[in-house]
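# Secondary and tertiary structure notes
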Amino acid sequence: MHLLLNHFPILGSLFGLLLLGYGLLKKSDSVIESALFTFIVIAVISVPAFLSGEVAEEVVEHMNKQNDILIHEHEDAAAYGLWLMLLLGLSSLVALIRTIKKRENVRKFQYGIMLFSLIAFLTMSYVGITGGKIRHTEIRASGGLNQLNQIPK
């Protein structure tokens, strides 16, 4: 389940960020509302993505001693990322209500959401990278290009 859900907070926050940027650029309330709704949905999906990590941990923690360190790094990043996503979802709900009701200073609030969503996306990307290191040795610091250079030709 974790492998299915863990991509939604990353890709969803990027999609919402791009959608919100486009909506703000075009001054389209309907596009902005769609972006805000996207952030709310992604925040909700982030909860089972985070919780399913415990089950995934049980599967991989005994495979390699180095996994224990990587798992804890990923867990710490994921907990921080979850809180950011929940705050993004909550602030997007407030922004959505303010947008629908045509409140004053709503554009400033929407731009604030855009900045916050950028931070959330970057954080969730880091969470994804730390999670990827657990099973994908090619993206670890000691792997990647260093291993490619050692391939016999």
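In this text the structure is predicted, and so the values were computed from the model without any measurement.

## Let's talk about the nonpolar core
- Ranked by internal contacts, the top residues of the largest apolar core, which has 20 residues, are L20, L36, F39, M85, L88 and I113.
- For this core, the secondary-structure elements that each account for two or more residues are α2 (7-26), α3 (29-60), α4 (65-100) and α5 (106-135).

## Here we look at the pattern of salt bridges
- In total, this model carries two salt bridges according to the counting rule given.
- With a shortest N-O distance of 2.9 Å, D29 and K102 are connected by a salt bridge. Here D29 is found in helix α3, whereas its partner K102 is found in the loop between α4 and α5, with 73 residues between them in sequence.
- The partner of R107 in a salt bridge is D29, and the shortest N-O contact between them spans 3.2 Å. Here D29 lies in helix α3 and R107 lies in helix α5, a separation of 78 residues in the sequence.
- Each of the salt bridges in this network shares a partner with another, and the network as a whole consists of D29, K102 and R107.

## Regarding a nonpolar patch on the surface
- A surface patch of nonpolar side chains, about 390 Å² in accessible area, is lined by V47, L51, W83 and L86.
- Of all the secondary structure elements, the ones that give two or more residues to the nonpolar patch are α3 and α4.
- Mapped onto the elements of the fold, V47 is located in helix α3.

## Here's the deal with the packing of aromatic side chains
- Per the counting criterion, the structure on display carries zero aromatic pairs.
- Looking at R98, its charged tip hangs above the ring of F109, at a distance of 5.1 Å from the centre.

## A short note on the confidence of the model for the protein chain
- Averaged over all residues, the pLDDT of the protein chain is 87; the fraction at 70 or higher stands at 80%.
- For the protein chain, the element scoring lowest by mean pLDDT is helix α6 (residues 145-149), at 46; α2 scores highest, at 97.
- Across residues 143-153 the pLDDT falls below 50, and counting only partners more than four positions away or on other chains, this stretch makes six contacts in the model.

## Overview of α2
- Taking 1.5 Å as the rise per residue, α2 with 20 residues should run 28 Å; its terminal C-alpha atoms sit 28 Å apart, in good agreement.
- Of all the residues in α2, the buried ones are P9, I10, G12, S13, G16, L17, L20, G23 and L24.
- The first or second residue beyond α2 is K27, which carries a positive phi of 55°.

## Observations concerning the environment of N67
- Structurally, N67 is set in helix α4.
- Look at N67 and you get buried, because its relative accessible area is 3%.

Reading the values: the criteria
Note on numbering: residues in each chain are counted from 1, in written sequence order. Residue-level local features of this predicted model are given only where pLDDT is at least 70; pairs of side-chain atoms are given and counted only at 80 or more, and the full residue set underlies all totals for whole chains, interfaces and linings. To obtain the side-chain values, all non-hydrogen atoms of the structure were used and water was disregarded. Working definition of a nonpolar core: buried Ala, Val, Leu, Ile, Met, Phe, Trp, Tyr and Cys residues. They are joined through side-chain atoms within 4.5 Å. Think of it in three bands: residues with accessible area under 20% of the maximum for their type are buried, residues over 50% are exposed, and the middle band is partly exposed, with areas taken using a 1.4 Å probe on protein chains only. Only DSSP runs of H or I reaching four residues or more are called helices, and only runs of E reaching two or more are called strands; each is numbered from the N terminus. Just to be clear on terms, a salt bridge is a Lys or Arg side-chain nitrogen sitting within 4 Å of an Asp or Glu carboxyl oxygen. Each patch is assembled from residues with relative accessible area greater than 30% and no salt bridge, linking like charges that lie within 9 Å and nonpolar side chains (Val, Leu, Ile, Met, Phe, Trp, Tyr) that lie within 5 Å. To measure how exposed things are, a 1.4 Å probe is used in the Shrake-Rupley method; for residues, cover is taken only from the protein chains shown. Any two of the Phe, Tyr and Trp rings considered here, Trp counted by its six-membered ring, make a pair once their centres fall within 6.5 Å; the pair's planes then place it as stacked at under 30 degrees, edge-to-face at over 60, or tilted in between. Think of it as a cone above the ring: NZ of Lys or CZ of Arg counts as a charge over the ring if it is within 6 Å of the ring centre and within 35 degrees of the ring normal. pLDDT measures how confident the predictor is about each residue, on a scale from 0 to 100. Contact criterion: two residues are considered in contact whenever any of their non-hydrogen atoms come within 4.5 Å of each other. In this analysis, the expected span of each helix is defined as 1.5 Å times one less than the number of residues it contains.

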